[in-house]
Structure formats: structure tokens, C-alpha cells
Amino acid sequence: MSGSDVRGLLPPFLLLLICERPGHGYDLIERLARLGASDAEPGQVYRALRSLERAGHLASSWVASEAGPARRRYELTTGGMAELQAWMRRLIEVRQLLETCLARWTRISQEATGWEETGWEEASWARR
């Protein structure tokens, strides 16, 4: 996914990752990449973290690091768990909508004949 596609989904992604294991910003960016959001821009991630903290969904504290300066470590709050649950309910609804959309696309694309040779405008399904 591109960075712009991920931007709106950063809150639930970050809440989920922090629910699994608290972490600092750079750690969370690496974990986002392993989740599939490798194009998330660091600035976007840090803005989302600050916003989630301001909203009371995250708490942070400075933790000393063996390899450098102290890092801000983010943890989920009770309010953050409620927000994560709300996000997951909304994402389930979005998943259902996407599955419906993709099923319809699959049906249409399987019915289409000749569009490779003639182009989309002249394909048999486009004349309906």
C-alpha cells in the first residue's frame, strides 16, 4: 500500500501493534512494514502517535536505551483498547464491503470477453 493509502489506517494499525507489544516510534515503523504498511512515512507515524496520545488512547514514557538516547515508549490505555475494538468493528464492516466489491469485479471480469484485443470501451460487457 502506498503511504497515502496507509495514512487513514495508521490509528488502528498502531493501536493493534502497541496492544501486541508496547514500543517506540522506530520499532513501530519497522513493525508496520512487516504488517504490510512499508510505505508509511515516519512523519505520519509520529503525528498519529501524538494524536492517539492526546486523545488518551496511548500513554508514553521515556525509557533509557543501551544503544543511544532515551526513547519514547508507547503503551495502550484502557481508552485505547476501547478505540481499538471500535476500529476493528468498523474494519470488519469495510472488509465485508470490499469482499462484495471484489466478488462483483471477479464476476464482471470473468464475463468480459475480448477486452484485451479491443480495449475496455469495446468489450462485450461495456456495451450492456
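Thresholds applied
- Residues numbered from 1 in each chain as written.
- Predicted model: local features only at pLDDT ≥ 70, side-chain atom pairs only at ≥ 80, totals over all residues.
- Heavy atoms only, no water.
- Pairing = 2+ DSSP bridges.
- Helix = DSSP H or I, 4+ residues; strand = E, 2+ residues; numbered from the N terminus.
- Contact = heavy atoms within 4.5 Å.
- Axes fitted to C-alpha atoms, helices over the stretch in contact; angles between N-to-C directions.
- pLDDT = per-residue confidence, 0-100.
- Expected span 1.5 Å × (residues − 1).
- Buried < 20%, exposed > 50% of the residue type's maximum accessible area, 1.4 Å probe, protein only.
- Arc of directions from axis to C-beta.
- Parallel < 35°, antiparallel > 145°, perpendicular 65-115°, else oblique.
- Nonpolar A, V, L, I, M, F, W, Y, C, P; charged D, E, K, R; others polar.
- Patch = residues over 30% accessible without salt bridge, like charges linked within 9 Å, V, L, I, M, F, W, Y side chains within 5 Å.
- Areas by Shrake-Rupley, 256 points an atom, 1.4 Å probe, with all protein chains shown as cover.
- Salt bridge = Lys/Arg side-chain N within 4 Å of Asp/Glu carboxyl O.

A. Geometry of the sheet that holds strand β2 (residues 58-65). Taking strand neighbours across the sheet as the criterion, the three strands line up as β1-β3-β2 in an open arrangement whose pairing is antiparallel. Of all the strands in the sheet, the pair left with one neighbour each is β1 (23-24) and β2. Note that β1 and strand β3 (residues 68-76) share two bridges and pair antiparallel. If you follow His24 over to β3, its bridge partner there is Arg73. On the sheet, helix α4 (residues 42-54) packs against β2 and β3 and is oriented at approximately 125 degrees with respect to β2.

B. Region of interest: the confidence of the model for the chain. This prediction gives the chain a mean pLDDT of 88; 84% of its residues lie at or above 70. Ranking the elements of the chain by mean pLDDT puts helix α6 (residues 115-118) last with 58 and helix α2 (residues 10-20) first with 98.

C. Spotlight on α4. End to end, α4 covers 18 Å across 13 residues, agreeing with the expected 18 Å (1.5 Å per residue, within 8%). Along α4, the positions that sit buried rather than exposed are Gln44, Val45, Ala48, Leu49 and Leu52. Angularly, the buried residues of α4 cover 135 degrees about the axis, an arc narrow enough to put them on a single face. Just downstream of α4, Gly56 is the residue with a positive phi angle, here 85 degrees.

D. A look at the packing of α2 against α4. Running from N to C, α2 and α4 cross one another at 75 degrees; their axes reach a closest spacing of 10 Å. As summarised for this structure, α2 and α4 are arranged roughly perpendicular, according to the angle between their axes. Counted together, Leu10, Pro11, Leu14, Leu15 and Ile18 of α2 and Gln44, Val45, Ala48, Leu49 and Leu52 of α4 form the full contact between these two elements. The residue makeup of the contact of α2 with α4, split by class, is nine nonpolar, one polar and no charged.

E. The pairing of β3, seen in detail. Summarising the sheet, β2 and β3 pair through seven bridges and their orientation is antiparallel. Paired with Val63 across the bridge in β3 is Arg71. The antiparallel pairing of β2 with β3 creates a hairpin that spans two residues between the two strands.

F. Spotlight on a nonpolar patch on the surface. On the surface, Val94, Leu98 and Leu102 cluster together into a nonpolar patch covering about 270 Å² of accessible area. Relative to the assigned elements, Leu102 resides in helix α5 (residues 78-111). For Leu102, a relative accessible area of 52% corresponds to the exposed category.

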